Structures are given as C-alpha cells and as structure tokens.
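Architecture and fold: a report
Listed below are the residues making up each chain.
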Amino acid sequence: MIEYAILHYPESKYCYAKNTRELALRIRIAKEDFPKIFVIYGGKYEFALKQLEHEMERTYEDRLYAYYTVSLKLNDPRVVYIFKIVEDNKIYYFSEDGLSKEYDFSLSFYNCFQYSYLNACDILETVEWMKEAVFYQIFVDRFLMGNEKKDKSYINLEWGSKPNPKSFAGGDLEGIITKLDYIKSLGVNVIYLTPIFKSISNHKYDISNYYEVDEMFGNKKVLKELVKECHKRKIRLILDAVFNHTSENLQEFQDVKLKKHESKYYDWFIVNSDEPFTYECFASCQYMPKFNTSNEDVENYLINIGCYWIKEFDIDGWRLDVSDEVSHRFWRKFREAIKNTKRDAVLIGENWHDANVYLQGDQYDSIMNYAFTKSALDFYAFQKLDAKELANKLNSLLVRNSDQVNTMMLNLLDSHDTLRFYTEVKKNDNKLMSALALLFMYPGVPCIYYGTENKMEGGYDPDSRRTMDWSLENKNLDIKDLIRSLASLKKEIRDSEARIYALDDLLYIERYHDYKKWILVINNTKEKKIVAINKLIASNNYEGNILKPNGFVITKIK
C-alpha cells in the first residue's frame, strides 16, 4: 500500500455535512491499491467506549488515485471517526497521526478526526429545483427582435450576417417572450440571459445603470411580462450580475474621474494614480473600471441591486460575472442577503477553474463548469483523451466538490465566451449528439447555448454570438427530439448517484437510485462495438446491439 497517497481532511470536500444528521466522507488512496476501507465512528463524547463501523465504497477513480466514500446517518451531530484499512489480511488505521498498525481508542480524543457539530447554517443546501433544471442560455441581442416598433437606428447588423464586436442585431426581451413555447418544447425549464441593463455595448457587460433595463432590449414592464410568462410555463429566469466591474459611464465613476480625491466615490474603485489618471479595470478594457469590493459602501450598493431585481421582478437567481475577482467577503454578504430575499434563488459563479473555496455554502451554489467543457472538447474535438482518460478526468472534477455542489454545477458544451461546440467538432452531427448525451447524464445541470439545437456554428467571440436562424425552427428534428428525451430523463435521474468508468475503449456513465439504474455508453473510437442493452432510452448510431463510431446508447435497468 502506498502510504503517501492516502489523504483525508475533516470539514472539507473530504468531509462535509449533507444535513444536520448526515455526514459524507471521502478518503483518497493510490489507484493501484485495492484494500477494503471502513470508517469507525461515534459520538464525540463516547467514542472511546463505543464505536460504530461502516464499510466504504470505491466510488471514483482518476489518473492517480481512487476515492472511497460513505454517507453516515447520525444520531449525534457531534461526530468523530478514524479509518480502518484492510489489505492482505493486515489491518491499518488512519487518523490525524497518519497510518498506524494499532489504534488506542481510549486516547482517541487526541488524534481522531472530528466534525465538531453539524450546524444547520453551515450546510450548503441544494436548491431543490436545480435537480431537474435544464438551462438555455440566450445572448439577448442575437435571439429575436420582437418589438418592431422600437427605435432601430442603433441596429447595424443584418440578421444572419456575421457579427463584429460593434454589431447590433436588434434582439430583445419581447422576442424571447414570443418564443417561450418553443423554448419550453425543448424540455428547457430555466432561461439564463446575458446582461440586460443600461449599456452602450451589444453584450451589456459594461453597465452604466444597474436599475434600468436597456431600451434596446425593452423596459421594466416588458421584463415583468417576461418573468410572468416564464413562470406561467414553469420556466425560471436567471439574470447576469456584473459586479466585478462597471462602465466608465457609471455616474459614480464619472464623478471620480472629474473630482479625483475630492469625490465621495473615490474608494469605490481601485485608482492607481490621479495624474495621470489610471485605475484597475476588467482585463485591459479601460472602459470597464473595476469596483473595489473591499469597500463596504460598494458592497451595500451591489447587494441592494441584487435584491432589488428579485424583490421587484421575482427573478430566480443570478449568474455572477468574473466572480473569482470579487472579494470573498462580498460574496458572503451577497449570498446571505439574496437567500433572505428568496430562499431558492440560485447563485452561479463564472469561475473557469477549481472554485472549491467559493463553494463551501457561504458564497455561491455552483459555477459554470468550464472544466467539463474542456474535457468534452479534449474527447470529441481535439482527440486528446480516450474513454479511460475522460473517465479519469470527469471523476477528478467530481471529487473537487461536495455532492450538493455537483448536483448544481452548470455544465456546458459552449457559451458566448467560447467557440461553438459544433464548429469545434468540425460539424459532426454524431459527435454533437453524443456530447449532448454526456452533458445530460453527467452529474449537474445541463446548459444549452441558444442555437445548439440548430447546429449553430461560430468561432471565437464575437463569432460565437451569431443571430438565431429561425428558418430552422422546424428542422434538425433529430437533435431537438434528442434534447427533449434527455430533458425528460433528467427528471428521472435527479436524485441518483454516479459511477464513471471505461471498458473496452467505451465510456460508461451509470446513474443509480432506489434499485434503478441508467447507463450511458459512448463509442468515440473508429470501430464498431457490441453493446447489449436492456431497455432503450435514447441512442444514435446504434442498431442491433452494434454501437457504431461516434455513437451512444442510454439504457435503463429495472
């Protein structure tokens, strides 16, 4: 047994509360070791005299390690524990002192692991509706123009033409209202909009007034109508919060630019020098000055904005732009205020990397899972991963976070910030359909970028933000039907656990719950494979127990 591979931390992604009477544990070992592992646990004040024991399950494997897991149902919220590892008929114990051949329970109060108390307010609650959520992301300017009577003088892009950074196509909120039944027909139950607030750009990530809907898109009355019509169809609406930075046209920033140190808003921003006037900004975009979210006045200003749109318009949560550059203290305050306003509002950060530190229950609920995006691209587009390597990668992403977080992770194949997935796979329909199956079967929340159902193409920004081709609304039915089937399946597997592995160069994702099991098999090789199934749920390139190259099949057992 490779001792230095063994790892466990209390009160971490290796030990977290699911509720006040359930504790989830993980322990890591070397992948090549196959011991039996048990957790020995008990109440904090009686462990020396009375211990319970539960065998752990080998649940995940990545490139180097294996992870054993267990969920303990507790009578006492004060719990302590150690691990018993059995290999080749030899027994070892793993505690805060590391690995040992013996363990003295009478002195366990010195070196056992502990979760001192499962306090309710410290536990990350799963937003219940996220378990069945299917997101549809819309870049508002490019979806559909519904208000033909509005001032169109700003429009400079012919619908269907390729956009540039300064293009305006005329899409608006009324256009989205017009197509809600279409969106609903795909099985979608959550719409996520890129920013809609006052701004001079097409993307609206440089906001000059956080309390106004930009007239290019409509007004507050239209937004209320959109929310009302969404909720009537049991669709939730998520808006985009841009709190890392703002527009140089924001009134408060203009005051600083004019008065410098004399401005009462001077500390709202991170000014490096008055003469010449320089300041921190988003990336290298001088027209997007960065907020100083270590300033309490800025915190209150932004928190009030977040709460306002929930209170007044009943939106269902926020996607948090460039959230990893905003202070942790702000997100803690923001979360408390938002959850007090609407308990089941969801908070989804835009963090492109491992964000575990933000996902402890005190900041946001999940992130846009771009690590999943990259894994899918490496498998389908770049041929950098085979089935075994993808299984390793997908498992490694799951062990980054708790089960609650994994349930709410926003998984996506592409977005307004990436190349279109269909373009990346060189317009291969079979790969797109296989990737959609992976997207829906992997733990978390699938997010469809508008137009994916129509095989929309596009390179990097701004080409990834083309206009929706509505002449295709009743075409590409094979992909639309697949998305509908997968969305329906998402409801069935909502509370299931996952097992991901490779066998015979095929990728397997099993979801299982209450003696039911759903299995996805993906063939990303150039060879035909024999795959016998029980009950067919969905498939492509599968016929007569033969799974063809770039094919997939989903089956249900029991």
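Going by the structure above, here's the rest.
To keep things clear, this report deals only with the structure shown in the data block. Treat the numbers as computed from the prediction; the structure is a model and nothing was measured.

**Concerning a nonpolar patch on the surface**
A contiguous nonpolar surface patch, about 390 Å² in accessible area, is contributed by Leu107, Phe109 and Tyr110. You can see Leu107 is positioned in the loop between strand 9 (98–100) and strand 10 (113–115).

**Some remarks on the layout of surface pockets**
Approximately 970 Å³ is the volume attributed to the largest pocket. Lining the largest pocket are 39 residues, with Lys18, Asp403, Asp495, Ser496 and Glu497 positioned closest to its centre. Elements with a contribution of two residues or more to the lining of the largest pocket: strand 1 (15–19), strand 2 (22–30), strand 5 (57–61), strand 6 (65–73), helix 9 (403–408), strand 25 (497–503) and strand 26 (506–513). Grouping the amino acids of the lining of the largest pocket by side-chain chemistry returns 15 nonpolar, 11 polar and 13 charged. The calculated volume of the second largest pocket comes to roughly 720 Å³. Residue lining of the second largest pocket: 31 residues in total, with Cys121, Asp122, Ile123, Leu124 and Gly361 positioned closest to the centre. Element by element, the count of residues in the lining of the second largest pocket is highest for helix 6 (residues 328–341), at five residues.

**Regarding the nonpolar core**
Grouped together as the largest cluster of nonpolar side chains are 150 residues, with contacts concentrated most on Phe135, Tyr136, Leu173, Leu193 and Trp318. Dropping the residues within four chain positions of it, Phe135 is found in contact with Trp129, Met130, Val188, Val190, Tyr192, Ile238, Ile348, Leu410, Val445, Pro446, Cys447 and Ile448. Core analysis: the next-biggest nonpolar cluster, separate from the first, contains 26 residues, Ile6, Leu74, Val79 and Leu118 among them.

**A short note on the sheet that holds strand 23 (residues 410–412)**
Taken together, eight strands build a closed barrel; the order of strands is 11-12-15-20-21-22-23-24 and the barrel is parallel. Averaged over all neighbouring strand pairs, the angle between strand axes comes to 25°, with direction disregarded. Sheet analysis places strand 15 (residues 236–241) next to strand 20 (residues 317–320), joined by three bridges and oriented parallel. Bridge pairing links Leu239 to Trp318 in strand 20. Here helix 3 (residues 220–232) sits on the sheet in contact with strand 12 (190–193) and strand 15, set at roughly 140° to strand 15. Along the sheet face, helix 11 (residues 429–441) touches strand 23 and strand 24 (445–449) and points at about 145° away from the line of strand 24.

**Focus on the side chain of Ser12**
Its location among the elements puts Ser12 in the segment before strand 1. A distance of 2.7 Å separates a polar atom in the side chain of Ser12 from the backbone oxygen of Tyr9.

What counts, and at which threshold
Within any chain, residue numbers begin from 1 and follow the written order of that chain's sequence. The model is predicted, so local features are restricted to residues of pLDDT at least 70 and side-chain atom pairs to those at 80 or more, both for listing and for counting; the totals for chains, interfaces and linings are taken over all residues. As a rule here, side-chain values come from all non-hydrogen atoms in the structure, and water together with hydrogens is ignored. Each patch is built from salt-bridge-free residues with over 30% relative accessible area, joining like charges within 9 Å and nonpolar side chains (Val, Leu, Ile, Met, Phe, Trp, Tyr) within 5 Å. For every accessible area listed, the method is Shrake-Rupley and the probe measures 1.4 Å; residues are considered covered only by the protein chains on display. The salt bridge definition used is simple: a Lys or Arg side-chain nitrogen within 4 Å of an Asp or Glu carboxyl oxygen. Every helix listed is a DSSP run of H or I at least four residues long, and every strand listed is a run of E at least two residues long, numbered separately from the N terminus. Any residue with an atom within 4 Å of a point lines the site, the site being either a cavity, points on a 1 Å grid over the protein atoms alone where a 1.4 Å probe fits but cannot get out, or a pocket, an open set with protein on both sides within 12 Å along at least 5 of 7 lines. Grid points are joined across faces, edges and corners, and a volume is the space filled by probe spheres set on the points. Residue polarity is assigned by list, with Asp, Glu, Lys and Arg as charged and Ala, Val, Leu, Ile, Met, Phe, Trp, Tyr, Cys and Pro as nonpolar; anything else, Gly included, falls into the polar class. For our purposes a nonpolar core is just a set of buried Ala, Val, Leu, Ile, Met, Phe, Trp, Tyr and Cys residues, chained together by side-chain atoms within 4.5 Å. Partly exposed describes any residue whose relative accessible area lies between the buried limit of under 20% and the exposed limit of over 50%, with all areas from a 1.4 Å probe on protein chains only and scaled to the type maximum. Residue contacts are counted whenever heavy atoms from the two residues lie within 4.5 Å of one another. At least two DSSP bridges between two strands are needed for those strands to be called paired. Axis lines are fitted to C-alpha atoms, over the contacting stretch for helices. Their N-to-C directions set the angle, which ranges from 0 to 180 degrees. By the criterion applied in these results, polar contacts are pairs of N or O atoms within 3.5 Å in which, for protein atoms, one can donate a hydrogen and the other can accept it, and in which residues neighboring in sequence qualify only through two side-chain atoms.

So far we have only geometry, and geometry alone does not tell us how the molecule works.
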